Amino acid sequence: MLDNLAPQAPDALLALIKLYAADDRADKIDLGVGVYRTDDGATPVFAAVKGAERKLLEVQESKSYLGPEGDLGFVHALMPYIFGADATMGGRIAGMQTPGGTGAVRLAVAVAQKAGVTRIHMGTPSWPNHAQILADIALELVPFDHALPDGTANLDALLNVIRNGQMGDAVLLHGCCHNPTGIDYTPAQWDEIAGALAASPVFPIIDVAYQGLGQGMEEDAYGTRRVLAAVPEALVAYSCDKNFGYYRDRVGALYVMMREESALPPVVSNLNALARAAWSMPPDHGGAAVRLLLEDADLTRAWEAELDTMRARMRQVRATLAAAGTAGSVDLTPLGHQNGLFAMLPVSKEQVERLQSEHAIYMAGSGRINVAGLHSGNIDRFIAALAAVTG
Ligand code: PMP
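Remember, it's a predicted structure, so these values are computed and weren't measured experimentally.

1. Details of the site of the ligand
Okay, so step 1: Thr-102, Asp-207, Tyr-210, Asp-241 and Arg-250 are the nearest of the 13 residues found near the ligand.
Okay, so step 2: Between the ligand and Ser-239 there is a distance of 2.7 Å, counted from an oxygen atom to a side-chain nitrogen or oxygen.
Okay, so step 3: When isolated, the ligand has an accessible area of 390 Å², and the protein chains bury 91% of it.
Okay, so step 4: Of the residues forming the shell around the ligand, the biggest block, 3 residues, is contributed by helix 4 (residues 100–115).
Okay, so step 5: Here the residues of the shell around the ligand are counted per class, giving 3 nonpolar, 6 polar and 4 charged.

2. Remarks on helix 2 (residues 47–59)
An α-helical turn contains 3.6 residues, so any two residues separated by three or four positions project in the same direction.
Okay, so step 1: With 13 residues, helix 2 extends 19 Å from end C-alpha to end C-alpha; this agrees with the ideal 18 Å at 1.5 Å per step.
Okay, so step 2: For helix 2, the full list of buried residues reads Ala-48, Val-49, Gly-51, Ala-52, Glu-53 and Leu-56.
Okay, so step 3: Residues of helix 2 that are buried in the fold lie against helix 11 (285–295) and helix 12 (297–323).

3. Comments concerning unusual backbone geometry
Okay, so step 1: Looking along the chain, the bond that leaves Thr-124 and enters Pro-125 is cis, with omega of 0°.
Okay, so step 2: Between Asn-179 and Pro-180 the backbone carries a cis peptide bond, its omega angle lying at 15°.
Okay, so step 3: Residue position: Pro-180 is located in the loop between strand 5 (169–174) and helix 7 (187–198).
Okay, so step 4: Phi angles above zero are rare outside glycine, and Ser-280 is one such case at about 65°.
Okay, so step 5: Take Ser-280: it is sitting in the loop between helix 10 (264–278) and helix 11.
Okay, so step 6: Exposure remark for Ser-280: the relative accessible area of 22% places this residue in the partly exposed category.
Okay, so step 7: One non-glycine residue, Ala-360, lies in the positive phi region at around 60°.
Okay, so step 8: Summarising the element assignment, Ala-360 is placed in the loop between helix 13 (349–359) and strand 12 (361–362).

4. Remarks on the domain arrangement of the protein chain
Quite often, the size of an interface is put as the accessible area lost when its parts meet.
Okay, so step 1: Looking at the protein chain, the domain boundaries give domain 1 (11–45 + 308–390) and domain 2 (65–295).
Okay, so step 2: Placing a centre on the C-alpha atoms of domain 1 and another on those of domain 2 gives a separation of 28 Å.
Okay, so step 3: Contact residues are listed per partner, giving 18 residues for domain 1 and 21 residues for domain 2.
Okay, so step 4: Buried surface at the junction of domain 1 and domain 2, both sides included, amounts to about 1500 Å², of which 56% is carbon and sulfur.

What counts and what doesn't
Residues numbered from 1 in each chain as written. Predicted model: local features only at pLDDT ≥ 70, side-chain atom pairs only at ≥ 80, totals over all residues. Heavy atoms only, no water. Near = heavy atom within 4 Å. Polar contact = N/O pair within 3.5 Å; in protein donor to acceptor, adjacent residues only side chain to side chain. Areas by Shrake-Rupley, 256 points an atom, 1.4 Å probe, with all protein chains shown as cover. Helix = DSSP H or I, 4+ residues; strand = E, 2+ residues; numbered from the N terminus. Nonpolar A, V, L, I, M, F, W, Y, C, P; charged D, E, K, R; others polar. Expected span 1.5 Å × (residues − 1). Buried < 20%, exposed > 50% of the residue type's maximum accessible area, 1.4 Å probe, protein only. Contact = heavy atoms within 4.5 Å. Domains from an automatic or database assignment. Buried area = accessible area lost by both parts, 1.4 Å probe.

Below, the structure is given as structure tokens:
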């Protein structure tokens, strides 16, 4: 039977990790995989997370099953950070733990489909797994252009989708630190988006995978809060895998907001049923540790300070690139006002290959770079190599 399966293309970024590992040039640079790196190129466990994990080892008395909703203490502890002072919007928000942000996105689109959504509008380029997930559940993806050539967001394309959308349409938005472009809507643009959504049947699904990596925890929540304040119902997929550095431990949550509290239980029961059929329950460890971290004022302060350091380093790398002006034919100045781990460089596949073969610089074929792969020891060489292959 299994011989009937057609081979699938390997994930390009995971393949790049292997190629990078096999390269023995000492000055190689990895701008591929989307993880934060320190100035030394490391992706360490947050000290605050280690502290919370030590505590978890001490206090956890049982590993008995929880349920499809996971650790609700974790789910609730995150809410003020995402939704603000009135973290439940008057009891209108419920949530559940998911296996990473991927699990949350998967559950969000699956429940939207079950509720009658037939098309998902999405700005492209986007995180490639968005399209893969939609293809896997056979939900139609309708792309629109996310970015303008000057490195800012194409607001009109999104407003057009929202203003012309029908019942059964949803729009998938990145809450902050857009992957792969780094191009976020400005607060004024979010105000317009929220206003348009308020007058539209288009259902918002917001993917928040990088809160705190852009401008700050509060600043990065602006768009999500603005939209939620304007619409009767929405889904918010959340990942702790970047802002708590939990990557492989798969820590995430899905939140649903309804027009009133009494409308939540049927939705939550559907989310539970879908989760039960997909993964039964989320892995516990990371969520339990994030809960302990956020319940402890000292650990919370330590985590916030570590996140501040990460963000400041990424902003510094961006400022250095922007200050370089151009490298060959590439204008680096827009990177200075973009956010998060990623940026798209206007380079051809051939130029990406030359960066790899001639300069040991590894990046996605699309031209996406992880700016956190650059540091004081390699950034000048990167800019010079970029100039050499595009000049
Ligand atoms: N959404 C976006 C936009 C992402 O970039 C990512 C991860 N790179 C995710 C969701 C999923 O993150 P996780 O690793 O928590 O599954």
